[in-house]
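# A look at the structure
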Amino acid sequence: MKKILGILLLLVFVFIATSIVSEVFLDPYNLENLLRRTALFGIISIGVAFVIITGGIDLSIGSVVCLVGCGLPWMLTEQGVSVPVALAAILGFSLAVGFVHGILITKVKLQPFVVTLCGLLLYRGITRGFTGDQSQGFSTEYKGLRELATGEINVFGFDLPMPCIFLLVVAALAGVFLNKTIYGRYLLALGNNEEAARFSGINVDRMVILAYVICALCSGLGGLLFVLDVNSAQPVDFGNFYELYAIAAAVLGGCSLRGGAGTIIGVVIGAALMQVLRNMIVLVDWIPTHIEYAIIGAVILAGVVADELLKNAVARRQASKS
């Protein structure tokens, strides 16, 4: 709880500071876009949080976003596939990606870093292959489908972008699953001590596979909403480094890279902080825009260092009591 409060206070500080140094920041159009981007990145951040909680990692998120983001308009506009079939194909692909990752990690005993790094290269390469490395988009078609990402809905007198509704649903389901079900407790136990979890009767392999399936499903949903929002996608760079934003949001939100700790609300706040920082870099003239990735790297490093210091402090406190 203290960590969530700390990241929330940091978000408020950065928000206020950016509004002071940039006149454009509080413009309604900018705030709407900020909400939309926070929701989109929040969804994929929740997905990777489940993997990190188990002590794993997923580097293929951006490439899954790319394959889905290019694959959907390619199927609809070039192959003449119906909308239900195209959406079912995306769902099936996402399930398959997560399942294969989980099987390779649990049954073949490959490292998550290696498996998902190969996925990062493989899925983008496949996308560039079947699209001929050409941009894919909807043009002026499928306006009803695009409303899933570009539309707004009135909630208690406030107009919220549709991606925010998807984020609220995903976050609510993820929160209930992680905190109110036995399987959520299994995932946390697995991240804390895999050997102890195995000896206690938990099907560790099944839980790991489940975590990667959830991550892939969130990546697929994110890719769908991202391309519906921007209307077009280029195979060469669509989704580039999105996994870094997702991992940074999860780490900032309280997910320990050692596994065994994490909250969904913290991840959402972390995603919001990352997008506010990104928005600040774009809007504030004296901050060079090309240092964006340097800031992301610094944020991840700060989160890891803070987690390590906290772990050491807790260990010393427990040692002194004993």
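The structure under discussion appears in the preceding block.
Every chain is numbered independently, its residues counted from 1 as its sequence is written. Confidence filtering applies because this is a predicted model: local features only for residues at pLDDT of at least 70, side-chain atom pairs given and counted only at 80 or more, and all residues used for totals across whole chains, interfaces and linings. In computing side-chain values, all of the structure's heavy atoms are included and hydrogens and water are not.

The next point concerns empty space enclosed by the protein. Think of a 1 Å grid over the protein atoms and nothing else: a 1.4 Å probe that fits but is trapped marks a cavity, an open set flanked by protein within 12 Å on at least five of seven lines marks a pocket, and residues with an atom within 4 Å of a point count as lining. Grid points are joined across faces, edges and corners, and a volume is the space filled by probe spheres set on the points. What the rule picks out here adds up to one cavity of 30 Å³ or more. Of the volumes computed, that of the largest cavity is approximately 40 Å³. Tyr-245, Met-274, Leu-277, Arg-278, Ile-281, Glu-292, Ile-295 and Ile-296 are the residues that line the largest cavity. Strands are runs of DSSP state E lasting at least 2 residues, helices are runs of H or I lasting at least 4, and numbering of each runs from the N terminus. Going through the elements one at a time, α12 (264-283) and α13 (292-321) are the ones with two or more residues in the lining of the largest cavity. Residues are grouped as follows: nonpolar covers Ala, Val, Leu, Ile, Met, Phe, Trp, Tyr, Cys and Pro; charged covers Asp, Glu, Lys and Arg; every other residue, Gly included, is treated as polar. Looking at side-chain class alone, the lining of the largest cavity contains six nonpolar, no polar and two charged residues.

Moving on, we get to the pattern of salt bridges. Between side chains of opposite charge, a pair can form as their charged atoms come close. Within this document, salt bridges are pairs made up of a side-chain nitrogen of Lys or Arg and a carboxyl oxygen of Asp or Glu, the two lying within 4 Å of each other. Summed over all chains, the structure comprises five salt bridges. Between Asp-133 and Arg-128 there is a salt bridge, with the nearest N and O atoms lying 2.9 Å from each other. Residue exposure (1.4 Å probe, protein chains only): buried if accessible area is under 20% of the type maximum, exposed if over 50%, otherwise partly exposed. In this structure Asp-133 comes out as partly exposed when scored by relative accessible area, which is 35%. When the shortest N-O distance is used, the salt bridge between Arg-198 and Glu-194 registers 2.8 Å. Of the two residues, Arg-198 and Glu-194 are both situated in helix α9 (residues 194-199); the distance of four residues between them amounts to about one turn of the helix.

Axes here refer to lines fitted to C-alpha atoms; in helices the fit is confined to the stretch in contact. Angles between the N-to-C directions go from 0 to 180 degrees. Orientation of helix α3 (residues 61-78) relative to helix α10 (residues 204-230), taken along the N-to-C sense of each, is 50°, at an axis distance of 8 Å. Taken together, α3 and α10 sit at an angle that is classed as oblique. Note that α3 runs across α10; the crossing there is right-handed. Residues Ile-61, Val-64, Val-65, Val-68, Gly-69, Leu-72 and Pro-73 of α3 form the contact with α10, whose participating residues are Cys-215, Ser-219, Gly-220, Gly-223, Leu-224, Phe-226, Val-227 and Leu-228. Orientation labels follow simple angle bins: below 35 degrees gives roughly parallel, above 145 gives roughly antiparallel, 65 to 115 gives roughly perpendicular, and whatever is left gives oblique. What makes a crossing left-handed is the near helix being turned counterclockwise from the far one by less than a right angle; a clockwise turn instead makes it right-handed. Whether two residues touch is decided by their heavy atoms; if any such pair falls within 4.5 Å, the residues are in contact.

Right, let's get into the layout of surface pockets. Over the atoms a probe the size of a water molecule is rolled, and this reveals where empty space is left. For the largest pocket, the calculated volume is near 440 Å³. As for the largest pocket, its lining consists of 19 residues, and the residues nearest its centre are Leu-91, Val-170, Leu-217, Cys-218 and Leu-221. For the lining of the largest pocket, the elements supplying multiple residues, two or more each, are α2 (28-53), α4 (83-106), α7 (162-180) and α10. The residue makeup of the lining of the largest pocket, split by class, is 17 nonpolar, two polar and no charged.

Here we take up the nonpolar core. In this structure, Ile-46, Val-48, Phe-50, Leu-72, Phe-226, Leu-228 and Met-274 are the most contacted members of the largest nonpolar core, which totals 93 residues. Of all the elements, α10 adds the most residues to this core, at 14 residues. In this view, Leu-228 contacts Leu-72, Phe-138, Leu-145, Arg-146, Leu-148, Ala-149 and Thr-150; residues no more than four positions away in its chain are not counted. Residues grouped as a nonpolar core are buried Ala, Val, Leu, Ile, Met, Phe, Trp, Tyr and Cys residues, joined through side-chain atoms within 4.5 Å.

Turning next to α10. Helices are assigned an expected span. That span is 1.5 Å times one less than the residue count. Compared with the 39 Å implied by 1.5 Å per residue over 27 residues, the 39 Å span of α10 between its first and last C-alpha is a close match. The buried fraction of α10 amounts to 22 of the 27 residues, a majority that puts the element mostly inside the structure. Just past α10, the residue Asn-231 takes up positive phi, approximately 80°.

This part is about the pairing of strand β3 (residues 158-161). Strand pairing follows a simple DSSP-based rule, namely that at least 2 bridges must link the two strands. Sheet topology note: the strand β2 (residues 152-155)/β3 ladder contains four bridges and is antiparallel. When the bridges of β3 are listed, Asn-154 appears paired with Asp-159. Taking the residues between adjacent antiparallel strands as the criterion, β2 and β3 are bridged by two residues, where Phe-156 takes a positive phi near 55°.

How two aromatic rings sit relative to each other is given by the distance of their centres and the angle of their planes. Pairing of aromatic rings covers Phe, Tyr and Trp, the last counted by its six-membered ring, and requires centre-to-centre distances within 6.5 Å; plane angles under 30 degrees mean stacked, over 60 mean edge-to-face, and any other angle means tilted. Enumeration according to the criterion identifies 11 aromatic pairs in this entry. Measuring from centroid to centroid gives 4.7 Å for Trp-74 and Phe-130, while their planes differ by 55°, and the two rings are tilted. Linking Trp-74 in helix α3 with Phe-130 in helix α5 (residues 112-130), this pair joins segments that are 56 residues apart in sequence. Owing to a relative accessible area of 27%, Phe-130 belongs among the partly exposed residues under this scheme. Taken together, a centroid distance of 4.9 Å and an interplanar angle of 45° make the contact between Phe-226 and Tyr-242 tilted.

Moving on to a nonpolar patch on the surface. Like charges within 9 Å and nonpolar side chains (Val, Leu, Ile, Met, Phe, Trp, Tyr) within 5 Å are joined into patches, using only residues over 30% in relative accessible area that form no salt bridge. Here the accessible surface of atoms and residues is derived via Shrake-Rupley with a 1.4 Å probe, and residues count as covered only by protein chains that are part of the display. Residues Leu-5, Leu-8, Leu-9, Val-12, Phe-15, Ile-16, Ile-20, Val-21, Leu-26 and Trp-286 make up a contiguous nonpolar surface patch of about 990 Å² in total accessible area. Summarising the element assignment, Ile-20 is placed in helix α1 (residues 2-21).

This next bit is on the side chain of Arg-146. Mapping Arg-146 onto the fold places it in helix α6 (residues 143-150). For the buried Arg-146, which has no salt bridge, the nearest side chain bearing the opposite charge is Asp-229, at an N-O separation of 5.8 Å. In this structure the side chain of Arg-146 is engaged in a polar contact, spanning 3.2 Å, whose partner is the backbone oxygen of Asp-229. Other than its neighbours up to four places away in sequence, Arg-146 contacts Phe-138, Glu-141, Gly-151, Leu-228, Asp-229, Val-230 and Asn-231. Counting rule applied: Lys, Arg positive; Asp, Glu negative; His and chain ends not counted. Counted as a polar contact is a pair of N or O atoms within 3.5 Å, where, for protein atoms, one must be capable of donating a hydrogen and the other of accepting one, and residues adjacent in sequence contribute only when both atoms are in side chains.

Here we come to unusual backbone geometry. Not every positive phi belongs to a glycine, and Ser-139 is a case in point at roughly 55°. Position of Ser-139 relative to the elements: it lies in the loop between β1 (136-137) and α6. For Ser-139, a relative accessible area of 52% translates into the label exposed. For Phe-241, which is not glycine, the phi dihedral falls at a positive 65°. Mapped onto the secondary structure, Phe-241 falls in the loop between β4 (232-233) and α11 (242-252).

Limitation: the analysis is restricted to geometry and does not speak to function.
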